[in-house]
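# Inside the fold
In case you want the letters, here they are:
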Protein chains: 2
Amino acid sequence: MTAQGAEQVIGSLRNILGDRIVTSMSVREHHSRDISRFPPVLPDAVVFPRTEEEVVQIVRLCAEHRVPVVPVGATSSLDGHIIPVRGGITINMREMNQIREIRPEDMLAVVEPGVTRKQLNTALRDTGLTFPIDPGADASIGGMAATRASGTTAVRYGTMRENVMALRVVTPDGTVIWTGSRAKKSSTGYDLTHLYVGSEGTLGIITEVTVRLHPIPEKVSSAICTFPDVKSAVEAVIAAVQYGIPVARVEFLDETAIGAVNSYSKLNLKVAPTLFFEFTGTPAWAAEQAQIAEEITASCGGTGFQWSTDADERNRLWQARHDLLWAARALQPGFDIYTGDVCVPISRLAESIVAAREDMDASHLKGVVLGHVGDGNYHTLYLIDPNKPEDYAEAERLADRLVERALAVGGTASGEHGLGLGKLKFMRKEHGAAVDIMKRIKQALDPLGIMNPGKMGQEG
Amino acid sequence: MTAQGAEQVIGSLRNILGDRIVTSMSVREHHSRDISRFPPVLPDAVVFPRTEEEVVQIVRLCAEHRVPVVPVGATSSLDGHIIPVRGGITINMREMNQIREIRPEDMLAVVEPGVTRKQLNTALRDTGLTFPIDPGADASIGGMAATRASGTTAVRYGTMRENVMALRVVTPDGTVIWTGSRAKKSSTGYDLTHLYVGSEGTLGIITEVTVRLHPIPEKVSSAICTFPDVKSAVEAVIAAVQYGIPVARVEFLDETAIGAVNSYSKLNLKVAPTLFFEFTGTPAWAAEQAQIAEEITASCGGTGFQWSTDADERNRLWQARHDLLWAARALQPGFDIYTGDVCVPISRLAESIVAAREDMDASHLKGVVLGHVGDGNYHTLYLIDPNKPEDYAEAERLADRLVERALAVGGTASGEHGLGLGKLKFMRKEHGAAVDIMKRIKQALDPLGIMNPGKMGQEG
């Protein structure tokens, strides 16, 4: 970090941004950490641009003085992505929060990066359309694009990978480019949209996102079903997807997770490996999907299939699922959560979850296993005493074992949380010599290495 | 081209490949051209590797001697992609045609690049799964990945962009890398899979493709409907997609196209702007989709909606659609076809098609307009006398006007045929300063410039 350079940049930016460049300790501290285990690092200043032109000016000054630049959205990423490990200027995009265009006929919306997913869906209220990608937190759409976010609906709608059509990006030398188009497909040129989606702020700063919208289904129904073991639950999911049922969501909760949910959300669910389904479509088609799913789950050993079209009951169930993080936390009040995240080929999902559970049972840490099982993506939540470094170390050991097993069966080190600082160490193991190609791209597009340094494009 | 270098490479390759390096004039001529207007250029030799290791050896020799390398699949690309404009070695991948793995539970297949889509679907026969991407020709899957191919089913299944999960690639220095994984989603590292998909052989040579498979629908039905004008036909498509009907295909044919089809395929369709639909699902759901589509088309002025679940009738109709190229050609026997290809935001599709038709009517060339209208992708087929250079020039002028209009409304210069040599000239207009980013990537990944030179990554 060039402290002197940062001072010069801060001085120049005051003239441009006025009180939207902040160097107070409280704001710098807020931008020094996330919920991960990584030690906080203070940025030299935090800026709040309102226009793309301001972003250009910020980046040009930082390039001139070789000062690191770290873009952040709603700061809800989980694995150290936004920690400015080499100091510099953190660009908080929250004031670039205008919805620029909604085009119902083209089923797309054009938003500034600070627009959150809930904000967009509120604005879509009268269009019959929705932006369905749901990572849980009310993340910013720029941040979701930068981290290739997904969540419970990815089995039906894909991730940000499938739902970003076009971007505007300020490159590390302060040039504005656009990628993609408003056409649904294209065969012209290298696919830069997908290169920037998931690049975690290491190649440029996203200043506009064009996202796909989807029709709000006429009918939404849900179902819940319990299984004698993990394997039969996963087999039911495989059979349902192979059959072609376009499930909107299908979530797995292990017995410990169900116990936590029962206690936290005052439910009375049977304590067993459980699938939560959501079906959407016309009323007849949503009902038919549920009926086929009931037959399939029964043939896989599922019992107690309960289907409901009642919105209140459905909301109560899904709210319980969404509150699982808090429910797990309540298992040991005062403890923190350490999260594991991998994605495996679905044929290897049952054995992966079983192994994760066995590891947990053999450890002194409590925890739960849950999964977006239609995608082969699952999470572990380990409860750790914030005052015990050995708890952190044990959780990291267990989460790393998830990754090692996932990579051994052709999976990936992160299904949706991203690389951040936590998964850099697995890059070579997962991607082999392709890591050298990634480094060459990083070097070619950010030759000064100022964009979110110490993250993707380097090795851990 | 370094003629001396090529000779040395050819000499060395004979030791490795034996009679699978061919320098006969007939084979070189076959690899010197496609159906486009671009002048043929002979490769110095054509090689037919059988293994990835052979590809590595070929590329290493070419890199050492700075000899261009042009990979080709089934040679069904349309716009000069495979013409070795600077000579060198053409690598024909047809003998790398093994299906390495079919994993029904993970709904994926792993194939060598020379496997064709029909070959794969034959191998899938007993799995209940299909590889649905259908560009018309029985293209190789490696070539389809390299050109980001799509076709009539893209409205339902996406393009190769959405259906390639992972690749193995020999980079221009002869390193083997893999991209992606067998997990359905991932948040680790730059998205190299999407960078190589659609890169038209300019960044490396694809030696293995992992593709997504999809369930074969229980029921397939089709429908046909005529409209008073283009606008009402397109409005019906927009309404159907906004409603959330997952149409498997929806194709537009203009009056001239219907006339050609009637004459060539001995049909008796009403001569009017027409939509061909295909619906899939359970029997009840496919029927419901057709019923909703009938209501929607009627409300947009459509008449004569004919729905059929009869496989013979459906096949006859879709065969007629697939034979449209030949039907158009038969309008003026002995003439060639010059193809236009753009994709626009669907809200601008009607005006775009109307303008294309008006241009055609004002020209001395005959032709037809057809479209994969659910995507906003449409084509023009211009009939040209192969002995009249002025016909070529006029067709190019008309096709270029399509592109200019598409770009003016936020569309793209090519929906699915790709850049090749024909669309290079539009790169700067479509992508602006992003072209410089593409050039930097090309330079970083192929510093010697040996991979399919004179194509993507350069400007026309």
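Quick notes on the rules
Residues numbered from 1 in each chain as written. Chains lettered and ligands numbered in written order. Predicted model: local features only at pLDDT ≥ 70, side-chain atom pairs only at ≥ 80, totals over all residues. Heavy atoms only, no water. UniProt positions renumbered as here; feature names shortened; annotations may be inferred. Helix = DSSP H or I, 4+ residues; strand = E, 2+ residues; numbered from the N terminus. Least-squares fit on C-alpha atoms with pLDDT ≥ 70 in both. Contact = heavy atoms within 4.5 Å. Phe/Tyr/Trp six-rings, centres within 6.5 Å; stacked < 30°, edge-to-face > 60°. Buried < 20%, exposed > 50% of the residue type's maximum accessible area, 1.4 Å probe, protein only. Buried area = accessible area lost by both parts, 1.4 Å probe. Salt bridge = Lys/Arg side-chain N within 4 Å of Asp/Glu carboxyl O. Polar contact = N/O pair within 3.5 Å; in protein donor to acceptor, adjacent residues only side chain to side chain. Nonpolar A, V, L, I, M, F, W, Y, C, P; charged D, E, K, R; others polar. Domains from an automatic or database assignment. Pairing = 2+ DSSP bridges. Axes fitted to C-alpha atoms, helices over the stretch in contact; angles between N-to-C directions. Parallel < 35°, antiparallel > 145°, perpendicular 65-115°, else oblique. Left-handed = near helix turned anticlockwise from the far one by under 90°.

Per an unreviewed UniProt entry, the recorded name for chain A is D-lactate dehydrogenase (cytochrome), and the organism is Chelativorans composti. Quoted verbatim from the Cofactor (unreviewed entry) field of the UniProt record, the comment on chain A reads "FAD".

In this structure's numbering, the residues bearing the UniProt feature "domain: FAD-binding PCMH-type" (unreviewed entry) are residues 39–216 of chain A. In this annotation, residues 39–216 of chain A is assigned 22% helix and 25% strand; the end-to-end C-alpha distance for the span is 42 Å.

Okay, the relation of the copies chain A and chain B next. Each copy of the sequence occupies a distinct position, and chain A is placed on chain B by a rotation of 180 degrees and an axial shift of 0.0 Å, giving an RMSD of 0.0 Å. The symmetry that links the two subunits is that of a two-fold axis. By residue overlap, the copies meet face to face through one surface: 98% of the interface positions of chain A are interface positions in chain B.

Here we come to the packing of aromatic side chains. For the coordinates displayed, the defined rule picks out 9 aromatic pairs over all chains. Taken together, a centroid distance of 4.9 Å and an interplanar angle of 5 degrees make the contact between Trp285(A) and Trp285(B) stacked. You can see Trp285(A) sitting in helix α11 (residues 283–299) and its partner Trp285(B) sitting in helix α11 (residues 283–299), one on each of two chains. Here Trp285(A) falls in the buried class, since its relative accessible area comes to 7%. Judged by centre distance (6.4 Å) and plane angle (55 degrees), the rings of Tyr338(B) and Tyr382(B) are tilted.

It is worth spelling out the interface of chain A and chain B at this point. Chain A puts 88 residues into the contact, and the matching count from chain B is 86 residues. Counting the surface chain A buries against chain B, the share from its top three residues, Lys185(A), Ser187(A) and Tyr190(A), is 14%. The interface formed by chain A and chain B holds 8 salt bridges in total. Glu416(A) is paired through a salt bridge with Lys185(B); the nearest N and O atoms lie 3.1 Å apart. Between chain A and chain B we count 50 residue pairs in polar contact (both at pLDDT 80 or more) in total. Of all the elements in the fold, those that place two or more residues in the side of chain A that touches chain B are α7 (160–163), β9 (176–180), α8 (192–196), α9 (230–243), α11, α16 (427–431) and α17 (434–445) of chain A. Top element by residues in the side of chain A that touches chain B is α17(A). It accounts for 8 residues. Residue classes in the side of chain A that touches chain B are distributed as 35 nonpolar, 32 polar and 21 charged.

What follows concerns the pattern of salt bridges. Residue and element names in this part refer to chain A. Under the defined criterion, the tally for this structure stands at 64 salt bridges over all chains. With its nearest N and O atoms 2.8 Å apart, the salt bridge here joins Arg321 to Glu251. Taken together, the residues span a long stretch of sequence, with Arg321 in helix α12 (residues 311–322) and Glu251 in strand β13 (residues 249–253) at a distance of 70 residues. According to the relative accessible area criterion, Arg321 is buried, its value standing at 7%. Each of the salt bridges in this network shares a partner with another, and the network as a whole consists of Arg37, Asp79, Glu396, Asp400 and Lys425.

Here we take up the domain arrangement of chain A. Residues and elements named next belong to chain A. Assigned domains within chain A: domain 1 (3–94), domain 2 (96–215), domain 3 (219–325) and domain 4 (332–429). On a C-alpha basis, the centroid separation for the pair domain 2 and domain 4 is 28 Å. Tallying the contact residues gives 8 residues for domain 2 and 8 residues for domain 4. Taking both sides of the interface into account, the surface hidden between domain 2 and domain 4 amounts to around 530 Å²; carbon and sulfur atoms contribute 42%. At the surface where domain 2 touches domain 4, the tally comes to 0 salt bridges. For the side of domain 2 that touches domain 4, the residue count by class is 3 nonpolar, 4 polar and 1 charged.

This next bit is on the side chain of Thr90(B). By the element assignment, Thr90(B) lies in strand β4 (residues 89–92). If we ignore the near neighbours within four places in the chain, the residues touching Thr90(B) are His31(B), Pro43(B), Ala45(B), Val46(B), Val47(B), Val70(B), Val72(B) and Pro84(B).

Right, let's talk about the sheet that holds strand β15 (residues 303–308) of chain A for a bit. Residue and element names in this part refer to chain A. One open sheet accounts for 7 strands, arranged β15-β12-β14-β13-β17-β18-β16; its pairing is antiparallel. At either end of the open sheet lies a strand with only one pairing partner, and these are β15 and β16 (336–343). If you compare each strand with its neighbour and ignore which way they point, the axes differ by 15 degrees on average. As defined by bridge partners, β13 adjoins strand β17 (residues 367–372) across 2 bridges and the pair is classed as antiparallel. Residue pairing across strands places Phe252 opposite Gly371, the latter belonging to β17.

Residues and elements named next belong to chain A. At a closest axis distance of 9 Å, the pairing of α9 and α11 adopts a crossing angle of 140 degrees. It follows that α9 is oblique to α11 by the angle criterion. Here α9 runs over α11; the crossing is right-handed. Each of Ala236, Ala239, Ala240 and Tyr243 in α9 lies in contact with α11, whose residues at this interface are Ile292, Ile296 and Thr297. Among the residues making up the contact of α9 with α11, the classes are represented as 6 nonpolar, 1 polar and no charged.

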